Amino acid sequence: MKTILVPTAAHDLITSVLESALLTARRFGSYVEGFALRPLITEYVPVDMVGGLTWARDDVSDEQAVTAARQTFERFMADHGVARFVEGPGKVGYGWLEDATAGDAFVSSHARVFDLTVLGRPTAGQAEPSMATLEAVLFESGRPVLIAPPTVPAALGEVIVIAWNGSTETARVTAFAMPFLKQARRVVVMTVEGGPLHGPSGEQMARSLRCNDIAAEAVTVPAGKRSVGEAFLKSAESTGADLLIKGAYTQSRLRQMIFGGTTSHILAEATMPVLMAH
């Protein structure tokens, strides 16, 4: 996790996003790059089809958003004693991308050359942090996403729970998480009793991790009357986890929109940082 991307915008979770990124950077000695995240603005908006009048896009507001984002990012780094990045082993530093374009397509594309992208957890009833941005990075970047919770985390990666369901997506995010797992004080491979298990067991994954010198343990927790997502979250909280590893959308997004699902529940309710990949 030597390179970390932080799309920056003025929303309520930006402090948690920046703190989560910095906790990760200090753990691995990482370069943290920020850029102004803002929606794509249509070049011209027609307002009078007969007269042909148009409104030019609001470049002033866009420039103000970029300036505000940069000030937020650089002020945070200065307040936390982080200097501009200079290449070298184990050095934590930051940089700012000047020429980032607007829109989620840029975010998901640029994220492909970073080990990790940090975004805020989408919140019901609020436009930002954006679910569209999160899903764009999950589905288009080929890289993992660290989702910052609403409350600033005090620690990140000391006690890790892997929400194991045997899926390709969870196997992939576990592979991405190896730098975290190798440094963790405790790693729990958690399976929910009666949950969808269409692959290797949690004990098999824990054994694989132990072969990689990670002291992982496998546990199975009862769901009871809870959903699988709720069982994962509550059980992870009870272990004192400060990072949850979860494969994203092991069921289709459409099915989760209609019927709900583990990913949807965790995205809506998680109070700890969550590392996801699809």
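Residues numbered from 1 in each chain as written. Predicted model: local features only at pLDDT ≥ 70, side-chain atom pairs only at ≥ 80, totals over all residues. Heavy atoms only, no water.

Participant: I'd like a description of the overall build of the chain, backed by residues and values.
Facilitator: Scanning the chain from terminus to terminus reveals 10 helices and 12 strands. For the chain, restricting intrachain contacts to residue pairs at least 6 apart in sequence, the fraction spanning at least 24 positions comes to 77%. For the chain, the exposed area adds up to about 13,100 Å²; of that, 54% sits on carbon and sulfur atoms. (Helix = DSSP H or I, 4+ residues; strand = E, 2+ residues; numbered from the N terminus. Contact = heavy atoms within 4.5 Å. Areas by Shrake-Rupley, 256 points an atom, 1.4 Å probe, with all protein chains shown as cover.)

Participant: So what's going on with the sheet that holds strand E5 (residues 93-96)? Which residues, and what values?
Facilitator: Taken in spatial order, the 10 strands line up as E5-E2-E1-E6-E7-E12-E11-E8-E9-E10 in an open sheet, and their pairing is mixed. A single partner strand is all that each edge strand has here, and the edge strands are E5 and strand E10 (216-221). Averaged over neighbouring strand pairs, the angle between their axes works out to 25° when direction is ignored. Looking at chain direction, strand E1 (residues 3-8) and strand E2 (residues 31-36) are connected through six bridges and run parallel. The residue of E2 that forms the bridge with Thr8 is Ala36. Docked against the sheet, helix H7 (residues 202-211) engages strand E8 (159-163), strand E9 (186-192) and E10, running at close to 170° with respect to E10. Its contacts with the sheet place helix H10 (residues 262-269) against strand E7 (145-148), strand E11 (243-247) and strand E12 (274-277), and it is angled at close to 150° to E11. (Pairing = 2+ DSSP bridges. Axes fitted to C-alpha atoms, helices over the stretch in contact; angles between N-to-C directions.)

Participant: I'd like a description of the packing of helix H8 (residues 228-238) against H10, backed by residues and values.
Facilitator: Between H8 and H10, the shortest axis-to-axis distance is 7 Å and the interhelical angle comes to 45°. Judged by the inter-axis angle, H8 sits oblique to H10. Note that H8 runs across H10; the crossing there is right-handed. Of H10, the residues touching H8 (which contributes Val228, Gly229, Glu230, Phe232 and Leu233) are Thr262, His265, Ile266 and Glu269. When the residues that make up the contact of H8 with H10 are grouped by side-chain class, the tally is four nonpolar, three polar and two charged. (Parallel < 35°, antiparallel > 145°, perpendicular 65-115°, else oblique. Left-handed = near helix turned anticlockwise from the far one by under 90°. Nonpolar A, V, L, I, M, F, W, Y, C, P; charged D, E, K, R; others polar.)

Participant: Residue-level account of helix H5 (residues 168-176), with values.
Facilitator: Those residues of H5 that sit buried are Glu169, Thr170, Val173 and Thr174. Down the axis of H5, the buried set is contained in an arc of 135°. They therefore lie on one face. Structural note: H5 exposes Thr168 and Ala175 on the side pointing more than 90 degrees away from its buried face. Its buried side turned inward, H5 meets E8, helix H6 (178-183), H7, E11 and E12. (Buried < 20%, exposed > 50% of the residue type's maximum accessible area, 1.4 Å probe, protein only. Arc of directions from axis to C-beta.)

Participant: Can you explain the packing of aromatic side chains? Please cite residues and give values.
Facilitator: Describing an aromatic ring pair means giving the distance of the ring centres and the angle of the ring planes. Scanning all chains against the criterion turns up six aromatic pairs. Arranged with centres 4.8 Å apart and planes meeting at 45°, the rings of Tyr31 and Phe85 form a pair that is tilted. With Tyr31 in strand E2 and Phe85 in the loop between helix H2 (59-79) and E5, this residue pair connects regions lying 54 residues apart in the sequence. Here the aromatic cluster, defined as three or more aromatic residues joined through ring pairs, consists of Phe73, Tyr94 and Trp96. (Phe/Tyr/Trp six-rings, centres within 6.5 Å; stacked < 30°, edge-to-face > 60°.)

Participant: Can you lay out the side chain of Thr191 for me, pointing to particular residues and giving the numbers?
Facilitator: Structurally, Thr191 is set in strand E9. According to the relative accessible area criterion, Thr191 is buried, its value standing at 11%. Sequence-distant contacts of Thr191, defined by excluding residues within four places in its chain, comprise Trp164, Gly202, Val219, Thr220, Val221 and Phe232.

Participant: Could you give an account of the pairing of E8, naming the residues involved and the relevant values?
Facilitator: Among the five residues of E8, five are classified as buried, and the element is accordingly described as predominantly covered. Neither face of E8 is exposed, since Val159, Val161 and Ala163 on one face and Ile160 and Ile162 on the opposite face are all buried. Strand direction decides the pairing type here: E8 and E9, joined by five bridges, are parallel. Across the sheet, residue Val161 finds its bridge partner in E9, namely Val188. Pairing geometry for E8 and E11, over three bridges, is parallel. For Ile160, the partnering residue across the bridge sits in E11 and is Leu243.

Participant: So, the nonpolar core: which residues are in play, and what are the values?
Facilitator: One finds Leu181, Leu209 and Leu275 to be the most contacted residues of the largest nonpolar core, which totals 44 residues. It is helix H1 (residues 14-28) that provides the largest number of residues to this core, a total of seven residues. Counting residues in each nonpolar core, the second largest holds 39 residues, with Phe35, Phe114, Leu119 and Met272 among its members. (Core = buried A, V, L, I, M, F, W, Y, C linked by side-chain atoms within 4.5 Å.)

Participant: Requested: an account of the pattern of salt bridges, with residues and values cited.
Facilitator: Counted by the stated rule, this structure contains nine salt bridges. Of the charged contacts, one joins Glu98 and Arg70 as a salt bridge, the two residues approaching to 2.5 Å between their closest N and O atoms. Here Glu98, found in the loop between E5 and helix H3 (104-110), pairs with Arg70, found in helix H2; they are 28 residues apart in sequence, far enough to count as distant. Looking at Glu98, the relative accessible area reads 55%, which means it is exposed. In this structure, Arg143 and Asp115 form a salt bridge, with 3.6 Å as the shortest nitrogen-oxygen distance. Remark: Asp115 occurs in the loop between H3 and strand E6 (116-120) and Arg143 occurs in the loop between helix H4 (131-140) and E7; sequence separation between them is 28 residues. According to the relative accessible area criterion, Arg143 is partly exposed, its value standing at 26%. Through salt bridges with shared partners, a single ionic network connects Arg70, Glu74, Arg84 and Glu98. (Salt bridge = Lys/Arg side-chain N within 4 Å of Asp/Glu carboxyl O.)

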